[in-house]
Amino acid sequence: MHNLYKSSKVLRVLAKHSCVADLILSQTFSSGYTCCGQPCSNLPPWKKPSGYDTGILVYNTATKHKVPLVTKSPGHLTWYMCGPTVYDSPHVGHGLCYIRFDIIRRILRDYFDLGVFQVMGVTDVDDKIIKKANYFQRDIGEVSRHYETEFWQDMALLDIPRPDKTMRVTDHVQHIIKFVQDILKAGYAYHVADGSVFFNNIAYRKFRGLHLPDDFSPETRLSSPDYPDDWLTDAPDPHKRHPIDFVLWKASKPGEPSWPSPFGRGRPGWHIECSAMACSVFGESLDVHSGGIDLWFPHHHCEEAQCCARHSTHMWTNYWWHSGHLTIDSEKMSKSVGNVVSIRELLRSHSANTFRHFALTSHYTNREALLSNLFPNLNWWNGYLVLFLLQTVTFGDRTLEQAATQVAKIQEMLDTAQHFLRATPKVDCARSSPADNHALMKALYETKQTVDSRLRDDFDTANAMKSVLALVSSTNKYLYGNYHERILSPDNSSLSQFDSENNSHKLVSGRIVDQSPLSGPSLPSKEDESDFEILSNLTVKNVNVIPNESSSGSAGYVEVAAVRAYVLSLMKLFGMRYQTGQVSADDTVKTSSDVQDRFPDVMQAVLQYRGAVRDFALLKNLPAEQLKSMSKTEKQAKREEYSALLQAGDELRERLHDNSIIIKDFKESSSWTFSGELNKQGNRGSEN
């Protein structure tokens, strides 16, 4: 064991650095470290359930690989999820777990059209709750209700809706007592002298044909030094017949809450709570059971054993889904470690939208699925240690800033597309080819296919989002390249407007190229140069007009509208909140109804006036013959003379931007919309 501990420390260090370390870890574990021969696993071989095949592959923790998702009833899925033990404030590790399962729930319900009935259990009586209540000299019910209320408030701040049914342990003690009685009658539990009841793991294993400890004897006691912690399914107790047994009913102790029962006064054991509550709703079979990966052993193993013993079934839960750990500085975020960040602390500096995007861009299991696909023959102990070392995703300012940048990139596309659609005729009268032939539409089709295949493959939102972000980047490039960057060409002496907000586009070899990365700067951004300065810089270079697909008959309205609608609907499906550019009852602009009704007309008048001034400064109001007769030097001199007018137009745009109104300039017109900043406060939520 000492050598094993030393090896695991070395491997933990290696796990911090690279994917190569994952391979080293996996190969090292395959050498076969074991404790006392075999694990304390209560899981028989998994069998594919009979029922309705959804066409979705899911990673089942019980099998360590992906299997088809088959539900008991067509078009319906039953789901029990372990909820919080309400003894302290929830932290972002909890938030990430529940956001991930909220996303999966939305995908199942809104994308795959499955009716999902989800139940969550809340543990409101527990050793930790009792300890905190005694410390503050408060009633245990008062303490648990306080933290449960805080939990639901924080879930609301993260836009996580409640499950269909919530069950508190203290409301279902009678269900639990009946469940323990049934297990006793079936012969898989036993009383002890102090009034407690324990699950008889040895009897259960004999019945199921599962392997027994190599050195098992009826006289074995927990005091034996030969049983490592990996075997233990419960806290040490001298009344146990064997170390791998676990408590179903705890005898009452002074200063603890208790309930009367046929076994004597006491309270439920931890493992029995979820089993009894879930079975009271779903009966002897359940499609899905989920929770954090730290619950897999021993909690979920014990749940499965209890329910199979109670119902005399081969398998109670068909699919086990587990969310990976969240780490800070390569350590699991945990209250016991003391490195927790509360949800409300997170929302002081980052929006709920950013945190949800952060969850979307990593797989809900983190890296275990990849590891198991590469090395499917990991034995039990190796598998658990691999879970602990590798089942993590890193939390920090850098990763959250990356998520925020990508959120801004998507909002940029939605805003720019909205401006484009407002400024472009709604009928592409000049089309010479069908929309299906347009490069943007082809990219949309490919993205839809990729997203569909990724969501069918264990809800792989990380790779689905990569495809969506690539589409967003292509759409932004198309919008800027084809409708913003009409610049002066020496060949035609015509001047089109250039959007100075798009300062991520640079001149390379006479062409404008999008140099913004996939996670580029957000729009709207304040320009570093005025319109006149950009135009002046461009006209002294030998710049050609970028080829425009609309000039060959592809105006692009249909394509841009289709991309925008798809991205917006998909983000809504994932639970993301993006501004649509429409004034609605949900907007936080507080005005009287009369002013709000007239506001669009006021803004249109402002845009018309600003446009007339800009046209004058850009010499666009001059007759074509007069403009043609002027030399380049004369045109440049005139523009310098009128540069103050362009600067005034820029200042107006900046001032409106500061008030959450964004102006976009296009070839022949301008458009306005509200900024996403309007709902920023709403996304962050209250800090109190």
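Rules of the game
Residues numbered from 1 in each chain as written. Predicted model: local features only at pLDDT ≥ 70, side-chain atom pairs only at ≥ 80, totals over all residues. Heavy atoms only, no water. Helix = DSSP H or I, 4+ residues; strand = E, 2+ residues; numbered from the N terminus. Buried < 20%, exposed > 50% of the residue type's maximum accessible area, 1.4 Å probe, protein only. Contact = heavy atoms within 4.5 Å. Areas by Shrake-Rupley, 256 points an atom, 1.4 Å probe, with all protein chains shown as cover. Salt bridge = Lys/Arg side-chain N within 4 Å of Asp/Glu carboxyl O. Disulfide = S-S within 2.5 Å. Phe/Tyr/Trp six-rings, centres within 6.5 Å; stacked < 30°, edge-to-face > 60°. Lys NZ or Arg CZ within 6 Å of the ring centre and 35° of its normal. Pairing = 2+ DSSP bridges. Axes fitted to C-alpha atoms, helices over the stretch in contact; angles between N-to-C directions. Parallel < 35°, antiparallel > 145°, perpendicular 65-115°, else oblique. Left-handed = near helix turned anticlockwise from the far one by under 90°. Nonpolar A, V, L, I, M, F, W, Y, C, P; charged D, E, K, R; others polar. Expected span 1.5 Å × (residues − 1). Right-handed = clockwise from strand over helix to strand, strands pointing away.

Caption draft 1: The overall build of the protein, seen in detail. On a plain count of helices and strands, the protein comes out with 23 helices and 18 strands. Residues counted as buried form 54% of the 688 residues belonging to the protein. The long-range fraction of contacts in the protein, counting pairs at least 24 apart against all pairs at least 6 apart in sequence, stands at 76%. As presented, the protein carries roughly 30400 Å² of accessible surface, and 51% of it is formed by carbon and sulfur atoms.

Caption draft 2: Summary view of the pattern of salt bridges. Considering all chains together, one arrives at 22 salt bridges under this definition. Close ionic contact of lysine 250 with aspartate 127 constitutes a salt bridge, the shortest N to O distance being 3.3 Å. Taken as a pair, lysine 250 in strand E8 (residues 246-251) and aspartate 127 in helix H4 (residues 127-136) lie far apart in primary sequence, 123 residues in all. A relative accessible area of 25% means that lysine 250 is categorised as partly exposed. In this structure, arginine 653 engages aspartate 650 in a salt bridge whose closest nitrogen and oxygen atoms are separated by 3.3 Å. Highlighted residues: arginine 653 and aspartate 650, both in helix H22 (residues 643-658), separated by three residues, approximately one helical turn. With a relative accessible area of 5%, aspartate 650 lands in the buried category.

Caption draft 3: Spatial organisation of the state of the cysteines. The final tally for this structure, using the stated rule, is zero disulfides. Free cysteine: cysteine 82, not disulfide-bonded; nearest cysteine sulfur from cysteine 274 at 3.8 Å. Residue classification places cysteine 82 among the buried positions, given a relative accessible area of 6%. Looking at cysteine 307, it has no disulfide partner, and the nearest cysteine sulfur is the one in cysteine 279, 3.6 Å off.

Caption draft 4: Quick peek at the packing of aromatic side chains. Applying the stated criterion to the full structure yields 22 aromatic pairs. Here tyrosine 135 and phenylalanine 136 contribute two aromatic rings whose centre-to-centre distance is 4.9 Å and whose plane-to-plane angle is 85°, an arrangement assigned as edge-to-face. Phenylalanine 136 gets classed as partly exposed once you look at its relative accessible area, which sits at 48%. Measuring from centroid to centroid gives 6.5 Å for tryptophan 316 and tryptophan 320, while their planes differ by 65°, and the two rings are edge-to-face. The class of tryptophan 316 is buried, set by a relative accessible area of 1%. Assessed through its relative accessible area of 1%, tryptophan 320 is described here as buried. Three or more aromatic residues joined by ring pairs make a cluster, and in this case those are Trp79, Phe101, Trp321, Tyr364 and Phe459. One Lys or Arg, arginine 241, reaches over the ring of tyrosine 190 and ends 4.0 Å from the middle of that ring.

Caption draft 5: Layout of the sheet that holds strand E5 (residues 165-168). Strand order in the open sheet formed by five strands is E5-E4-E3-E10-E11, with parallel pairing between adjacent strands. In this open sheet, the two edge strands, each paired with only one partner strand, are E5 and strand E11 (317-323). Taken pair by pair, the neighbouring strands of this sheet meet at an average axis angle of 20°, ignoring direction. Bridge analysis of strand E3 (residues 76-85) against strand E10 (residues 286-292) gives three bridges, and the strand direction is parallel. If you follow tryptophan 79 over to E10, its bridge partner there is valine 288.

Caption draft 6: The sheet that holds E8, seen in detail. Strand order in the open sheet made by the four strands is E6-E7-E8-E9, with antiparallel pairing throughout. This sheet does not close on itself; its edge strands, each paired only once, are strand E6 (189-191) and strand E9 (266-268). For this sheet, the mean angle separating the axes of adjacent strands, direction not counted, is 20°. As judged from the three bridges shared by strand E7 (residues 197-199) and E8, these two strands associate in the antiparallel manner. In the sheet register, valine 197 faces E8, and the bridge partner there is tryptophan 249.

Caption draft 7: Representation of the packing of helix H8 (residues 270-282) against helix H9 (residues 296-311). Between H8 and H9, whose axes approach to 9 Å, the crossing angle comes to 50°. It follows from the interaxial angle that H8 and H9 lie oblique. Read as a crossing pair, H8 and H9 show a hand that is right-handed. Touching Trp270, His271, Ile272, Cys274, Ser275 and Cys279 of H8 are Pro298, His299, Cys302, Glu303, Gln306, Cys307 and His311, all from H9. When its residues are assigned to classes, the contact of H8 with H9 shows seven nonpolar, five polar and one charged.

Caption draft 8: How the structure looks around helix H18 (residues 557-573). In a regular helix each residue adds 1.5 Å, so 17 residues correspond to 24 Å; H18 covers 24 Å between its end C-alpha atoms and thus fits that length. Residues of H18 that are buried include every one of Tyr557, Glu559, Val560, Val563, Arg564, Tyr566, Val567, Leu570, Met571 and Leu573, and no others. A positive backbone phi angle near 90° is found at glycine 575, which sits one or two residues after H18.

Caption draft 9: Region of the structure containing the pairing of E11. In terms of burial, E11 is a largely internal element, seven of the seven residues being buried. For E10 and E11, the ladder comprises six bridges, and the chain directions are parallel. Bridge pairing links valine 288 to tyrosine 319 in E11. Of the crossover connections in this fold, the one passing from E10 over H9 to the parallel E11 is right-handed.

All we've got here are geometric facts, nothing functional implied.
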